[in-house]
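Spelled out from the first residue to the last, the chains are:
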Amino acid sequence: MVDPKLNTFLTLVEEKTTVRCAEALHLSQPAVTQHIRALEAEYGVKLFAKEGRRLTLTEAGARFYRLARRLPALEAQLRQALAAGEAAPLHFGVTRSIGEGLMPRLAPALLDALPRRTLQMRLQNTRTLLEELEKGEIEFALIEGNASHRRYCCRPFYTARFSALGSPSGPWAACKTLEGLCAAPLLLREAGSGSREILESALAARDLSPEDFAACHVFESVPVLLELAAAGRGVTFAYEVAAAPLLESGRLARLAQGDFSITRPFAFVTLPDSPFERQEQYLFERIRDLCRGL
């Protein structure tokens, strides 16, 4: 059972004031204050600083929060693992490019490799998955975006090519440069996605941005973006593994090949100091080995 003082701390971080925290937990304000002071004394750190009526986390408090917020979900996972044994559900998340491009081929092999586990996969963008990982809601994430190597344990398991894509018969098919593609509408992923972060970084290196394109349309669905590009409604930038069927059928083509092409690793991401480190290493190795055959 999670220490009630930790639960008070987590609630206070979310509610910002002792009044709202006390109301949420059905405690008195002095009881909330006592819980926080007891934690500070136990761990030898100052967790909060006061700014007017509001409380803000100190640097030590922010570190404490990043670790403590994992405990309720971790406790639930431990109870589930002990109750279900080897058949305990495996919660993990994948970004849309991986989920819609790689997982249709990887999932059957993953089921075969883990016959005693129940898999529960979530499809989210990179930013959301990292938040869920920190909260302990998932055990690992497969992402194509950027993650801090100081904050997360990142192990590359697959290398993918990130390219400009469009209709082979569209008005921008003959464009040879990235700057030339700016005459087309841009079909773009939502903010927070790994693909968008990579594209914006590549554009910035060329002193460009999404606003330099003729128009900018945002869709959260990779298949929708690819279908629109294949229909000649604009250009998109995506991992070729997600576009493989359309590329192989000739409905999509690589654009500005000699001027724009990036290879990036997909990463197996976990939190450091995990109690399930041996299991995570096994899963990483299985997924890496399975991807070699794709």
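Structure first, text after, so check above.
So, how was this worked out
Residues numbered from 1 in each chain as written. Predicted model: local features only at pLDDT ≥ 70, side-chain atom pairs only at ≥ 80, totals over all residues. Heavy atoms only, no water. Axes fitted to C-alpha atoms, helices over the stretch in contact; angles between N-to-C directions. Helix = DSSP H or I, 4+ residues; strand = E, 2+ residues; numbered from the N terminus. Parallel < 35°, antiparallel > 145°, perpendicular 65-115°, else oblique. Contact = heavy atoms within 4.5 Å. Nonpolar A, V, L, I, M, F, W, Y, C, P; charged D, E, K, R; others polar. Buried < 20%, exposed > 50% of the residue type's maximum accessible area, 1.4 Å probe, protein only. Expected span 1.5 Å × (residues − 1). Arc of directions from axis to C-beta.

Enquirer: I'm lost on the packing of helix 2 (residues 18-25) against helix 3 (residues 29-43) in this one. Help?
Expert: Describing two packed helices takes the angle between their axes plus the distance from one axis to the other. Contact geometry for helix 2 and helix 3: axes closest at 8 Å, N-to-C directions at 100 degrees. The orientation of helix 2 with respect to helix 3, classified from their angle, is roughly perpendicular. Here T18, V19, C21 and A22 of helix 2 lie close against helix 3, whose contacting residues are Q29, V32 and T33. Class assignment for the residues of the contact of helix 2 with helix 3 results in four nonpolar, three polar and no charged.

Enquirer: What is the right way to look at the environment of G250 in this model?
Expert: Along the chain, G250 turns up in the loop between helix 12 (240-249) and strand 10 (253-255). Judged by its relative accessible area of 40%, G250 falls in the partly exposed class. Taking the C-alpha atoms as reference points, G250 and A230, separated by 20 residues in sequence, lie 9.2 Å from one another.

Enquirer: Looking at this structure, how should I read helix 13 (residues 277-292)?
Expert: If you check helix 13, its first and last C-alpha atoms are 23 Å apart, about what 16 residues at 1.5 Å a residue would give, namely 22 Å. Taken as a whole, helix 13 has its buried residues at E280, L283, F284, I287, L290 and C291. The buried residues of helix 13 occupy an angular sector of 135 degrees when the element is viewed end-on, so they sit on one face. Summarising the geometry of helix 13, the exposed residues directed more than 90 degrees from the buried face are R278 and R292. Contacts from the buried residues of helix 13 go to strand 3 (89-94), helix 7 (103-113), strand 5 (140-143), strand 6 (153-166) and strand 11 (262-270).

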